[in-house]
Structure formats: structure tokens, C-alpha cells
Amino acid sequence: MPPKDSKRAPKYKGNVKTLNDFFEEFEEHADAAGLTNEEKATWVVRYVKSKEVALFWKSMTAYTTSPKSYSALKQAILDQYPGAKKGENYTNKSLVKLTAETASKSMKTENRLVKYYEKFRPMAMWLKNKNVITETE
């Protein structure tokens, strides 16, 4: 496992929308390192930036019981953060707002177009996959 201050280390900075991404990145590292379920439960807390959040996670029954269970701890953590299971969440209104704001700006460089597409595609795909918009919208 990478040291917690390493550039390669997974980091949870407290944004609920990125919690699932944090767990996914942590699990990739933990699996590559061959950590057991119990070892993962101990290690995951080390990559939390906020001391208060780390203490909160350590106070959970899934962390304090022996043997520790990463899968139970992860579920307990997700249960404590409203919206964490959903990850990113977009609305049709947010997509319309993005396109309206961008339409009023000039796309003189390829870089600006790429920046717009980096924002547009995740929103559009999420909304399409949730059947909020259709392929033609």
C-alpha cells in the first residue's frame, strides 16, 4: 500500500459525492497489495484526510469489533452519508444550464471544446442511463 501522503495514495477529502470513487481506488490498491478483508478495514481509515472523519469511521461497530470486516465497515460508512451510494447526481436542469452557459461563449480553441465535453458527457450519460433523457435529447 502506498504511504498516505504519497501522490499515488487514495485520499478521501470529505466530499460525499466522491466517496464511492475513493472506495474503488482504495480497493484497487488493497487488492494489488493482497490485503485481507480485516487488513482493509484497518488501512482504509489511514487515507482519510480529516482527523474527525477518521475518528468517526473508527467509532463504528464494524471497525471496533474483532475481527474487523472491511465490507461491513464500508457498508456502515455508506449508510452514514446520505447520497453517498448514488455518487454523482445530475439533473436535466444542470445539463440545460451547462449548455446554455457554453452556448454564450466562443469555442475558439480545441482546449475549450474539450473542457466543455469533459463536463457535458458525464452529465448526459448519467441522465441517459437513468432514463431522464433519451438518446436524441
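This one's a predicted model, so the numbers in the text were calculated from it and none came from an experiment. (Residues numbered from 1 in each chain as written. Predicted model: local features only at pLDDT ≥ 70, side-chain atom pairs only at ≥ 80, totals over all residues. Heavy atoms only, no water.)

Enquirer: I would appreciate a short explanation of helix 7 (residues 110-129) in the present structure.
Expert: Because an α-helix packs 3.6 residues into every turn, residues spaced three or four apart end up facing the same way. Over its 20 residues, helix 7 extends 28 Å from the first C-alpha to the last, a length consistent with the 28 Å expected when each residue adds 1.5 Å. Along helix 7, the positions that sit buried rather than exposed are Y116, M123, A124, W126 and L127. Where the residues of helix 7 are buried, they touch helix 6 (92-103). Downstream of helix 7 by a residue or two, N131 has a phi angle that is positive, lying close to 60°. (Helix = DSSP H or I, 4+ residues; strand = E, 2+ residues; numbered from the N terminus. Expected span 1.5 Å × (residues − 1). Buried < 20%, exposed > 50% of the residue type's maximum accessible area, 1.4 Å probe, protein only. Contact = heavy atoms within 4.5 Å.)

Enquirer: Would you take a moment to explain a positive patch on the surface for this structure?
Expert: Residues K4, K13, R46, K49, K51 and K58 make up a contiguous surface patch of positive charge. Assignment of secondary structure puts K4 in the segment before helix 1 (19-33). (Patch = residues over 30% accessible without salt bridge, like charges linked within 9 Å, V, L, I, M, F, W, Y side chains within 5 Å. Areas by Shrake-Rupley, 256 points an atom, 1.4 Å probe, with all protein chains shown as cover. Salt bridge = Lys/Arg side-chain N within 4 Å of Asp/Glu carboxyl O. Lys, Arg positive; Asp, Glu negative; His and termini not counted. Charge placed at Lys NZ, Arg CZ, Asp CG, Glu CD.)

Enquirer: Teacher, can you tell me more about the packing of aromatic side chains here?
Expert: Taken as a whole, this structure holds twelve aromatic pairs when the rule is applied. Judged by centre distance (5.7 Å) and plane angle (45°), the rings of Y12 and F22 are tilted. Residue Y12 is located in the segment before helix 1, and its partner F22 is located in helix 1; the two are separated by ten residues in the primary sequence. You'll find Y12 and F22 in the same group, each marked buried. Arranged with centres 5.6 Å apart and planes meeting at 25°, the rings of Y12 and W57 form a pair that is stacked. Here W57 lies in helix 3 (residues 51-58) and Y12 lies in the segment before helix 1, a separation of 45 residues in the sequence. When its relative accessible area of 1% is taken as the criterion, Y12 is described as buried. Residue class for W57 comes out buried when judged on its relative accessible area of 0%. (Phe/Tyr/Trp six-rings, centres within 6.5 Å; stacked < 30°, edge-to-face > 60°.)

Enquirer: Got a minute to help me understand the nonpolar core in this structure?
Expert: Taken as a class, soluble globular proteins show a tendency for nonpolar side chains to be buried jointly. Counting residues in hydrophobic clusters, the biggest one holds 25 residues, and the most contacted among them are L19, F22, F23, V44 and W57. Of all the secondary structure elements, the ones that give two or more residues to this core are helix 1, helix 2 (37-44), helix 3, helix 4 (61-64) and helix 5 (70-80). In terms of residues, this core owes the most to one element, helix 1, which gives five residues. The next biggest cluster of nonpolar side chains, apart from the first, holds eight residues, and it includes L95, L98, Y116 and I133. (Core = buried A, V, L, I, M, F, W, Y, C linked by side-chain atoms within 4.5 Å.)

Enquirer: Can you help me understand the packing of helix 2 against helix 5 in this one?
Expert: Between two packed helices, what matters for the description is the angle formed by their axes and the separation of those axes. Contact pair helix 2 / helix 5: the axes reach a minimum separation of 7 Å and the direction vectors enclose 40°. What the angle tells us is that helix 2 and helix 5 run oblique. Taking contact as the criterion, the partners of N37, K40, A41 and V44 in helix 2 are, on helix 5, Y70, S71 and L73. Its residues assigned to classes, the contact of helix 2 with helix 5 comprises four nonpolar, two polar and one charged. (Axes fitted to C-alpha atoms, helices over the stretch in contact; angles between N-to-C directions. Parallel < 35°, antiparallel > 145°, perpendicular 65-115°, else oblique. Nonpolar A, V, L, I, M, F, W, Y, C, P; charged D, E, K, R; others polar.)

Enquirer: Where do I start with unusual backbone geometry in this structure?
Expert: Outside of glycine, negative phi angles account for most residues, and trans bonds account for most peptide bonds. Looking along the chain, the bond that leaves S66 and enters P67 is cis, with omega of 0°. Tracing the chain through its elements places P67 in the loop between helix 4 and helix 5.

Enquirer: How do you make sense of helix 1 when you look at a structure like this?
Expert: A rise of 1.5 Å per residue sets the reference length of helix 1, with its 15 residues, at 21 Å; its end C-alpha atoms lie 21 Å apart and thus fit the reference within 8%. Every buried residue of helix 1 is accounted for by L19, F22, F23, F26, E27, H29 and A30. Buried residues of helix 1 fall within an arc of 165° about the axis and therefore sit on the same side. Exposed residues on helix 1 whose side chains face more than 90 degrees from its buried face are E28, D31 and A32. For helix 1, the elements touching its buried residues are helix 2, helix 3 and helix 5. Directly beyond the C-terminal end of helix 1, a positive phi value near 75° is found at G34. (Arc of directions from axis to C-beta.)

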